[in-house]
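Fold and geometry: a report
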Amino acid sequence: MWNLQTALAILWTLCFLSSISGYKNGKVEKSCASMMPEHHSQPNTTASPYTLTVNTSQFSPGDNIRVVLSGSEHFEGFLIQARDATNPDGPAIGSFKLVDPDISQGLTCNSIEGSAVSHTSNAKKTEIQLIWKAPSNAPPTVQFLATVLAHYKIFWLKLPGPVISQGDVTPAPPRSTTDMSTNSANTAILPQPFTSVGCGKSKSCLIDPVGCNPSVDTNCFFLSYSALGQTVSFELSGPAQGYVSFALSKDEWMGDDDAYLCINDKGRVTVEAAHTTGRTYPEISSESVLTDVGWRVSDGVIQCKFSRSIYTPQDPFRFSLNNSYYLFVAHGSAEYGMIHRHTRQPLISSHHRIITGPPEILTGSQSPLLMKCHGALMLIAWMLAGSTGKLMAAYFKPDWPEQTLFGQKIWFQSVCYCGVVLYCSLAGAHPYLGCTVMILTFCQPIMAAFRPAPDSSRRWIFNWLHWGVGNAAEIIAVVSMFFGIKQQSLLLPYPWTTGVLSAFVVWTIVLKLVLKLHKNGVIIKGLFIVAILAVFVLGNSAFCISLLASIGDV
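Residues numbered from 1 in each chain as written. Predicted model: local features only at pLDDT ≥ 70, side-chain atom pairs only at ≥ 80, totals over all residues. Heavy atoms only, no water.

Let's talk about the overall build of the chain
The number of helices and strands found in the chain is 7 helices and 29 strands. Among the 554 residues that make up the chain, the fraction classed as buried is 49%. Counting contacts in the chain only where the partners sit at least 6 residues apart, residues at least 24 apart contribute 64% of the total. Roughly 25500 Å² of accessible area belongs to the chain as shown, and the carbon and sulfur atoms make up 59% of that amount. (Helix = DSSP H or I, 4+ residues; strand = E, 2+ residues; numbered from the N terminus. Buried < 20%, exposed > 50% of the residue type's maximum accessible area, 1.4 Å probe, protein only. Contact = heavy atoms within 4.5 Å. Areas by Shrake-Rupley, 256 points an atom, 1.4 Å probe, with all protein chains shown as cover.)

Shown next as structure tokens:
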């Protein structure tokens, strides 16, 4: 169950606390020229708590110069270069030697290996030491520059360091670095919340719960879109701690999707276009394709709106809105403007729709039909088929010692067919517990096929293995069911379903104890054995139907 659920939900979300260019591992060669983190936020303009220092003011070609980045506060990421002091926007020059390779690494910028240095992880640090080797073709004056990230969206760009000069050259006053700006659109605070009025008439809407109105219901997830000329306007709203998002998908599986994020960072919302490529953090677009951006945060609800053109040739990752797509709506937490993996299954539209098509009210679900079917079949497999088959083989074998069906004894078929065919077609969905149970379940008929004769001296080995593997499979399967009913793709009512499953476990244990007493002759034989079997099957059916009903209501 787990890997199917995650395949539907992969979006968007593995938690990467990134640094420069969104990479916590510091592999940021594409930021060599600008030294700008591709986080779509403005650099901090307040006084920096970080400084660059060197151990000399003059140098000659081939000299080794110690460079130190330090600060009164911790930082997670950095990028350090040396450049011509008269052209700080020019390429990196010289090369660095690492003092501590555990926290710093060389990068190849301007085709020069080691011409820049960055972090190796987002671990907090207060000081970095490096050795810069002056090249033979060094300019008369050199200035060191550093971009330092305290957190994902809190950073200082091109902090100016000392200027050093060759010989008796008088250092020229350093030029200011070029102001860097992101491609994020100008935003405005929305004066009032969105409303579902007009859904199906002037705009298309995907709403959960069905019929809710975001203007009055703080638990309402709402996505609307309407076309006007060559532009489509979107409205997105939902209760969330950190972000709400939606994506246009060509199928019902995450990956290769056109996504849009509304991220709340300390009361201010940034609206960004992104592209998902699988189980990685969404790649934020470097092109400005969003216009008329607005946002609002109130009562724990994040709302944002924007417009974009139907066609965006400047950004190949943006889908044409004249085509048909499934809609995904997700939400989750965020930290320093960085989203984390969502904890609930995304709301997925029931059908794909053309974004520029006629207005309509869409339906969706956070529990895909595939997941409901899997959950239902898993419960039937273990609460009815598997448990009944094991019970019959363990306690009813003496009552049907010779009766056969299709050439095999009835008691043997009950456990093989019920315990293997039904369950093993499904158990592999749980990558750990499920696969373990599947392997154990397959071992049972294989061991049975090669079991020694009842009067063999080695029969006791089979008996213990058969007993141990069977009980281990049943215990792990019960644990797997408890984890399974809590899967976010099912959204079963908690703790009611946990109580029902717990009652089923107690019910099974009690009946097995009764049958054990009967087997040892404590309880009188007769119709009692048939009654116990009937009660067991009916009881298990009642528990199973209760859980199946809850799955069907989701």
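Notes on the packing of helix H4 (residues 433–449) against helix H5 (residues 459–484)
Taken N-terminus to C-terminus, the directions of H4 and H5 make an angle of 155°; their axes are 9 Å apart at the nearest point. Considering the angle they form, H4 stands roughly antiparallel to H5. Helix-helix and strand crossings are classified by hand; for H4 and H5 the assignment is left-handed. On H5, the residues touching Leu-433, Gly-434, Thr-436, Val-437, Leu-440, Thr-441, Cys-443, Gln-444, Met-447 and Ala-448 of H4 are Phe-462, Leu-465, His-466, Val-469, Gly-470, Ala-472, Ala-473, Ile-476, Ala-477, Val-479, Ser-480 and Phe-483. (Axes fitted to C-alpha atoms, helices over the stretch in contact; angles between N-to-C directions. Parallel < 35°, antiparallel > 145°, perpendicular 65-115°, else oblique. Left-handed = near helix turned anticlockwise from the far one by under 90°.)

Describing the sheet that holds strand E4 (residues 77–84)
With respect to topology, 6 strands assemble into an open sheet ordered E2-E10-E9-E4-E7-E6, the strand pairing being mixed. On the outer flanks of this sheet lie strand E2 (58–59) and strand E6 (104–109), each paired with one strand and no other. Of the strand pairs in this sheet, E6 and strand E7 (residues 112–119) are connected by 6 bridges, and their pairing is antiparallel. Note that in E7 the partner of Ser-104 across the bridge is His-119. (Pairing = 2+ DSSP bridges.)

Here's the deal with the nonpolar core
Counting residues in each nonpolar core, the largest one holds 31 residues, and the members touching the most others are Phe-246 and Ile-355. For this core, the secondary structure elements donating two or more residues are strand E13 (221–228), strand E14 (231–239), strand E15 (243–249), strand E16 (257–265), strand E17 (268–276), strand E19 (291–298), strand E20 (301–309) and strand E21 (324–332). (Core = buried A, V, L, I, M, F, W, Y, C linked by side-chain atoms within 4.5 Å.)

Things to note about a nonpolar patch on the surface
A cluster of nonpolar side chains, contributed by Trp-460, Ile-461, Trp-464, Leu-465 and Trp-467, occupies part of the molecular surface with about 630 Å² of accessible area. For Ile-461, a relative accessible area of 37% puts it in the partly exposed group. (Patch = residues over 30% accessible without salt bridge, like charges linked within 9 Å, V, L, I, M, F, W, Y side chains within 5 Å. Salt bridge = Lys/Arg side-chain N within 4 Å of Asp/Glu carboxyl O.)

Some words on the pattern of salt bridges
Taken as a whole, this structure holds 8 salt bridges when the rule is applied. The partner of Glu-235 in a salt bridge is Lys-203, with the nearest N and O atoms 3.3 Å apart. With Glu-235 in strand E14 and Lys-203 in the loop between strand E11 (187–189) and strand E12 (204–208), the pair connects residues that are 32 residues apart, well separated along the chain. Looking at Lys-203, the relative accessible area reads 11%, which means it is buried. Between Arg-308 and Asp-258 there is a salt bridge; the shortest N-O distance is 3.2 Å.

Some details on the state of the cysteines
Each disulfide consists of a covalent bond between the sulfur atoms of two cysteine residues. This model, assessed by the stated rule, comprises 4 disulfides. What pairs with Cys-212 in a disulfide is Cys-220, and their sulfur atoms sit 2.0 Å apart. With the S-S bond torsion at 65°, the cross-link from Cys-212 to Cys-220 turns out right-handed. Here Cys-262 connects covalently by a disulfide to Cys-304, the sulfurs 1.7 Å from one another. Its S-S torsion of approximately 55° makes the covalent link between Cys-262 and Cys-304 right-handed. Of the two residues, Cys-262 is situated in strand E16 and Cys-304 in strand E20; the sequence distance between them amounts to 42 residues. Neither Cys-262 nor Cys-304 differs from the other in exposure class; each is buried. What links to what in the chain: the bonded cysteines, counted in sequence order, pair as 1-2, 3-4, 5-6, 7-8. (Disulfide = S-S within 2.5 Å.)

Points about the packing of aromatic side chains
Considering all chains together, one arrives at 14 aromatic pairs under this definition. Arranged with centres 5.2 Å apart and planes meeting at 25°, the rings of Phe-319 and Tyr-325 form a pair that is stacked. As far as burial versus exposure is concerned, Phe-319 and Tyr-325 are alike and both buried. Clustering of aromatic rings is evident, with ring pairs tying together Tyr-225, Phe-234, Phe-246, Tyr-260 and Phe-306. The side chain of Lys-250 reaches across the aromatic face of Phe-319, ending 4.9 Å from its centre. (Phe/Tyr/Trp six-rings, centres within 6.5 Å; stacked < 30°, edge-to-face > 60°. Lys NZ or Arg CZ within 6 Å of the ring centre and 35° of its normal.)

Focus on the environment of Asp-217
Here Asp-217 lies in the loop between E12 and E13. Since its relative accessible area comes to 26%, Asp-217 is described here as partly exposed. Spatially, the C-alpha atom of Asp-217 lies 9.7 Å from that of Pro-239, the residues being 22 residues apart in sequence.

A word on H4
When the terminal C-alpha atoms of H4 are compared, their 25 Å separation across 17 residues agrees well with the 24 Å that a helix rising 1.5 Å per residue should span. Buried within H4 are the following residues: Gly-434, Val-437, Leu-440, Thr-441, Gln-444, Met-447 and Ala-448. Axial view of H4: buried residues confined to an arc of 160°, hence all on one face. Across from the buried face of H4, at angles greater than 90 degrees, the exposed residues are Ile-439 and Ala-449. (Expected span 1.5 Å × (residues − 1). Arc of directions from axis to C-beta.)

Some thoughts on H5
Between its first and last C-alpha, H5 extends 37 Å over 26 residues, near the 38 Å set by a 1.5 Å rise per residue. For H5, the complete set of buried residues consists of Arg-459, Phe-462, Val-469, Gly-470, Ala-473, Glu-474, Ala-477, Ser-480, Met-481 and Gly-484.

Structural notes on the pairing of E21
Burial runs high along E21: 8 of the 9 residues are buried. With 2 bridges connecting them, E21 and strand E24 (residues 347–349) associate as antiparallel partners. Bridge pairing in E24 links Val-329 to Leu-347.

A few points about the sheet that holds strand E3 (residues 64–75)
The antiparallel open sheet is built from 4 strands, whose spatial order is E1-E3-E8-E5. Edge positions in the sheet fall to strand E1 (50–54) and strand E5 (95–98), since each of these pairs with one other strand and no more. Averaged over all pairs of adjacent strands, the angle between strand axes in this sheet comes to 30°, irrespective of strand direction. Both E3 and strand E8 (residues 125–133) contribute to a ladder of 8 bridges, which runs antiparallel. The residue of E8 that forms the bridge with Ser-70 is Glu-127.

Some details on the environment of Pro-43
Following the sequence through the fold, Pro-43 ends up in the loop between helix H1 (2–9) and E1. For the pair Pro-43 and Ile-154, spaced 111 residues apart in the sequence, the C-alpha separation amounts to 7.0 Å.

A few points about the confidence of the model for the chain
On average, residues of the chain score 78 in pLDDT, and 71% of them are at 70 or above. No element of the chain has a lower mean pLDDT than H1, at 40, and none a higher one than E14, at 96. Within the model, the stretch residues 1–21 combines pLDDT values under 50 with 109 contacts to residues more than four positions away or in other chains. The low-confidence segment residues 176–185, where pLDDT is below 50, has 21 contacts with residues more than four positions distant or belonging to other chains. (pLDDT = per-residue confidence, 0-100.)

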